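Report on the structure
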Amino acid sequence: MKVARYLILSLGLFATNAQAVVVGEGLGALKVAAHSGTPLTPELLTGKITLINFWATWCAACKVEIIEMEDQLKEQLVDKDFQVAFVSLDKESSKAVDWFQKNLKEPDRLLKHLYFDGGFELADRLGVDSFPLTLIIGRDGKIAHVQKGFKEGQGSTEQLAKISEELLKAAH
């Protein structure tokens, strides 16, 4: 099933039995392996604004979006109440690490935000049905915003930064 899902997603055809993520709902139980440090768990999300980006190296739009995020989210990334999680869906985690190292301006700074779901456990459970898929989670652990897909030059990354900034200001 997971191999078939990978093929379906990589071809741009989406089919899933899981309920798609919905604004206002929590993520439930999750544990996603980290490149370095602590796995992504509900406890890690508590009390912070969290941007979670599902991506893969085989997704061209995903890679462009991450490069934009590196620039657009600089201001938020210095706020102790904001965090980002880039969840790679690559089967081989080394591909994601290699891509970060070769393509980002500050890979060492962002590698600590790299997580892996190569078996699609979390992606399947959340009903991830497009790439990239970005969630903004509020301090209460509930989904505040869902962005499906990415088209360069349409302001979607700027919109993610704006929503994140508004959520940070609302809590201060």
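What to know about the packing of aromatic side chains
For the coordinates displayed, the defined rule picks out 5 aromatic pairs. Each ring, one from Trp55 and one from Trp99, has its centre 5.5 Å from the other, and the planes form 50°; the classification is tilted. Placement of Trp55 in strand β2 (residues 49-55) and of Trp99 in helix α5 (residues 93-103) is noted, with a sequence separation of 44 residues between them. You'll find Trp55 and Trp99 in the same group, each marked buried. Their ring planes at 70° and their centres at 5.6 Å tell us that Phe86 and Phe100 sit as a pair that is edge-to-face.

Some thoughts on the environment of Gly141
With respect to the secondary-structure elements, Gly141 resides in the loop between β5 (133-137) and β6 (143-148). In this structure Gly141 comes out as partly exposed when scored by relative accessible area, which is 22%. Residues Gly141 and Gly47 lie 94 residues apart in sequence; the distance between their C-alpha atoms is 7.6 Å. Other than its neighbours up to four places away in sequence, Gly141 contacts Glu25, Gly26 and Leu27.

Let's talk about the state of the cysteines
By the definition in use, this model includes 1 disulfide. For Cys59, the disulfide goes to Cys62, at an S-S distance of 2.3 Å. Negative torsions about the S-S bond denote left-handed disulfides, and the value of about 80° found for Cys59 with Cys62 makes this one right-handed. You'll find Cys59 and Cys62 in the same group, each marked buried.

Section: the pairing of β6
Bridge count between β5 and β6: 5 bridges; the pairing is antiparallel. Of the residues in β6, the one forming a bridge with Leu135 is Val146.

Things to note about the pattern of salt bridges
Counting across every chain of the model gives 6 salt bridges. The closest approach of N and O atoms between Asp71 and Lys105, which form a salt bridge, is 2.9 Å. Remark: Lys105 occurs in the loop between α5 and α6 (107-111) and Asp71 occurs in helix α3 (residues 60-72); sequence separation between them is 34 residues. On the basis of relative accessibility, which here comes to 33%, the residue Asp71 falls in the partly exposed class. Here the salt bridges do not stand alone but share partners, grouping Lys80, Asp81 and Arg139 into one network.

Basis of the calculations
Residues numbered from 1 in each chain as written. Predicted model: local features only at pLDDT ≥ 70, side-chain atom pairs only at ≥ 80, totals over all residues. Heavy atoms only, no water. Phe/Tyr/Trp six-rings, centres within 6.5 Å; stacked < 30°, edge-to-face > 60°. Helix = DSSP H or I, 4+ residues; strand = E, 2+ residues; numbered from the N terminus. Buried < 20%, exposed > 50% of the residue type's maximum accessible area, 1.4 Å probe, protein only. Contact = heavy atoms within 4.5 Å. Disulfide = S-S within 2.5 Å. Pairing = 2+ DSSP bridges. Salt bridge = Lys/Arg side-chain N within 4 Å of Asp/Glu carboxyl O.

Function-wise, these values are silent; they only describe arrangement.
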